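Residue-level listing of the chains:
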Amino acid sequence: MKSRDIALVGILLAAGAIARYISLFIPGAIVANLTIAFYCLAIILVVPKYKETLGIGLVAGIICAVFSHSIFPLGNLISEPIGAFVCLLVYKMIKDKTKLAPAITTAIATPASGFTFIAITCLVNIATTGATTAMMLSFAISMIPIVAGAVVVNVIIVQLIAMPATTVMQKTHPIQIGTHTKPADENAVIKLEKVRFTYNAAEKLEKPALEDLTLEIGKGEFVVVTGPSGSGKTTFCRTVTGVILHSYGGTVNGEITVMGKYADEYKDMEELSSYVGMVFDDADAQLIFTTVEEEIKTGLETRKLTASEIDDRLNELYKMTNTEIIKDQAPHALSGGQKQRVAFAAALSKETPILVLDEATSELDKEARKQVYSVLKSLTEAGKTVILVEHMVDETVDYATRQIRLENGKIIYDGVPVKDTAVIPEFKRGSDESKKCIISAKNLVHVYGSNHLKALDDVSLELFSGEIVAVVGENGSGKTTLIKHLNGLLRPTSGTVEIYGEDIEKCSVPKISEYVGLVFQNPDTMLFENTCFKEISFGLKNIGKADDDAVLKALDEVGLLEKKDVNPRHLSRGERQRLALACVLAMGQPVLILDEPTTGLDLKESFEIMELLMKIRNEGKTVLMVTHSPKIAEIAADRIIEMEHGKITKMTVTSVDDHGSGEILESTDIEIAGGV
């Protein structure tokens, strides 16, 4: 199961445990078992393998046995795995035939579990108490109303939750148009022939995400894939790996060959994963273990290596990805860049012949990115095939062997890597007079957890009205920790933060949010509504300022007006990043804090966001942004703060010429509007 699926199953089983615990307060030896509803729901949403299903049933059985007042609680260890097995069996048979499949499945699985438990209870009573068969038959008949009641309740619960949840999970398999008319090319590593893919969204077809792609990618190639947000890069990755035919709902035309075999002929994702490794744009989606070491080591343990070989290879991966220093830390506690390094190391541990990285370096600093590129180049020299989605195109030119650029789902360039030629706009900066101190931080120290990691070490700074401040530094230098102190999400171990002269310690988070808006490093932590319009409206309604015009204006400012009715989950990473920014822009707070606001955006889109932030700055508001892009910091910020090991090591105040271009800009590979 995917990490997302494991988390979902865990949540639903926990809900089942709560329901079972509540049942203890209901009189009677046997009561309706609502736990069945929750494990049925988990199985329906995830559609696991049969052995995984038996595991889910066993866990449910343990829950039922622990929270039970029946005469033989251990009977649940048999009845619940049987109920789970029946659930998966029935659902697989009918899921594509009726929308009532969840209800029908639960209606069959519930009595399968219930009557199995009753039968076991009767047999135990006959064997241990001397009860007669007639007595137990009478008892079983008396339990029929309870089982029937459980069926009704469980069916209602599962059907009501499964209908919207199944759409969100996108567990439907794609419809493949046409059949293969010839054998797959046995020598092809990756081959696409007239491939077109359209996602299913709200049960109606959207425009194609990919359109008529034909290409081959051979052994030992290092392909960098570029293009604006929403151009189809992530779908391209899912397609060339064959994943699109196993995990995403939609319609597929054409033929996809992976390692000499048609992608649809692979049995499942597990078989595909023997040949293809993938690092997602959201590292959190694939980090599931309690320590970094476990995260990386697991891939090695699946490869039939000896214990000493595993240890040797693990140490090599630590050095290649600079993760040894964090090997004992929990992945969820790491910075965004550190998480990406761990996800990269975990993918390398499997040593697949194809490795695909979807913006997997977007939160890394420049030196860390170069380290990744060097590792990838060495892999291709060893005969492996690498595909990298990357917006820092200039940095990959010396490493990649081929560049593919996408726009609107089509390939518009396929050739040797070339540098980005986006034009830097002429930023118009307002007057620097009459600056007022808005936020003041003094001697901030923050120590994380039992490992006593000092993430901030005596940090002091002031933020003024009408300025843009960029914070730069290596991964783990304390940038995200710092900005979380400025909006109250973290409280300092020592030191003070004042907003408009008021100590932040005396302010609640809702009070602070009236002044400070925050766009998180991962936009998915902010997005939960089913349309972009509703996503922005939610925040405005919470503060009593519902305003449709303000919502539309915010969408227009970030270039998403045409997608106002689209589900945020159907947007690309870059588009989700812009939507998260729009949510905060609409709120109108005087201070805007952005953690990597240009993640998932190409250079042109990044400059457009900077123009928007410059407009906000000129209105007298304060903008603080964390960025790993030196170009962005140099051309847009009034001040650049450099951090290292939790300390501010340097602060640069940029001056501007008549055109508003930063004097410290040294990039020679970009055309500067108006000159410098």
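Residues numbered from 1 in each chain as written. Predicted model: local features only at pLDDT ≥ 70, side-chain atom pairs only at ≥ 80, totals over all residues. Heavy atoms only, no water.

### Side note on the UniProt feature "transmembrane region" (unreviewed entry) in the chain
Here the UniProt feature "transmembrane region" (unreviewed entry) sits at residues 29-47, 54-72, 106-127 and 139-162. With 100% helix and 0% strand, the stretch residues 106-127 has end C-alpha atoms that lie 31 Å from each other. Taken as a whole, residues 139-162 contains 100% helix and 0% strand, while its terminal C-alpha atoms sit 34 Å from one another. (UniProt positions renumbered as here; feature names shortened; annotations may be inferred. Helix = DSSP H or I, 4+ residues; strand = E, 2+ residues; numbered from the N terminus.)

### What about the confidence of the model for the chain?
Summary statistics for the chain give a mean pLDDT of 86 and a share of 91% for residues scoring 70 or more. When mean pLDDT is compared element by element in the chain, strand β10 (residues 385-389) scores highest at 96, while strand β24 (residues 671-672) scores lowest at 32. Predicted confidence for residues 657-676 stays below pLDDT 50, and this span has 42 contacts to residues more than four positions away or in other chains. (pLDDT = per-residue confidence, 0-100. Contact = heavy atoms within 4.5 Å.)

### Structural notes on the pattern of salt bridges
Charged atoms that come close allow side chains of opposite charge to pair. Tallying each qualifying case throughout the model produces 28 salt bridges. With a closest N to O distance of 3.6 Å, Lys-191 and Asp-185 form a salt bridge. The exposure class of Lys-191 is buried, given its relative accessible area of 16%. For Lys-647, the salt bridge identified is with Asp-457, shortest N-O distance 3.1 Å. With Lys-647 in strand β23 (residues 647-653) and Asp-457 in strand β15 (residues 453-464), this residue pair connects regions lying 190 residues apart in the sequence. One network of salt bridges, with partners in common, ties together Arg-303, Arg-313, Glu-316 and Glu-351. (Salt bridge = Lys/Arg side-chain N within 4 Å of Asp/Glu carboxyl O. Buried < 20%, exposed > 50% of the residue type's maximum accessible area, 1.4 Å probe, protein only.)

### Quick look at the sheet that holds strand β19 (residues 516-519)
One open sheet holds the six strands; their spatial order is β19-β20-β21-β16-β22-β23, and the pairing between them is mixed. Two strands in the sheet have a free side with no partner beyond their single neighbour: β19 and β23. Each neighbouring strand pair of the sheet contributes to a mean axis angle of 15°, computed without reference to strand direction. Two elements, strand β16 (residues 467-473) and strand β21 (residues 622-626), share five bridges in a ladder whose sense is parallel. Each residue of the ladder has a partner; that of Ala-470, found in β21, is Met-625. Helix-sheet contacts for helix α19 (residues 573-587) involve β19 and β20 (591-595), and the interaxial angle to β19 is about 170°. (Pairing = 2+ DSSP bridges. Axes fitted to C-alpha atoms, helices over the stretch in contact; angles between N-to-C directions.)

### Focus on the nonpolar core
In this structure, Ile-536, Leu-581, Leu-613 and Met-625 are the most contacted members of the largest nonpolar core, which totals 46 residues. At the level of elements, β16, α17 (532-542), α18 (548-557), α19, β20, α20 (603-618), β21 and α21 (630-636) are the ones that each hand at least two residues to this core. Sequence-distant contacts of Ile-536, defined by excluding residues within four places in its chain, comprise Val-551, Ala-554, Leu-555, Leu-579, Ala-582, Cys-583 and Ala-586. (Core = buried A, V, L, I, M, F, W, Y, C linked by side-chain atoms within 4.5 Å.)

### Quick notes on the side chain of Arg-369
Along the chain, Arg-369 falls in helix α13 (residues 366-381). Looking at Arg-369, the relative accessible area reads 0%, which means it is buried. With residues near it in sequence (within four places) discarded, Arg-369 still touches Thr-361, Leu-364, Glu-390, Met-392, Glu-395 and His-628.

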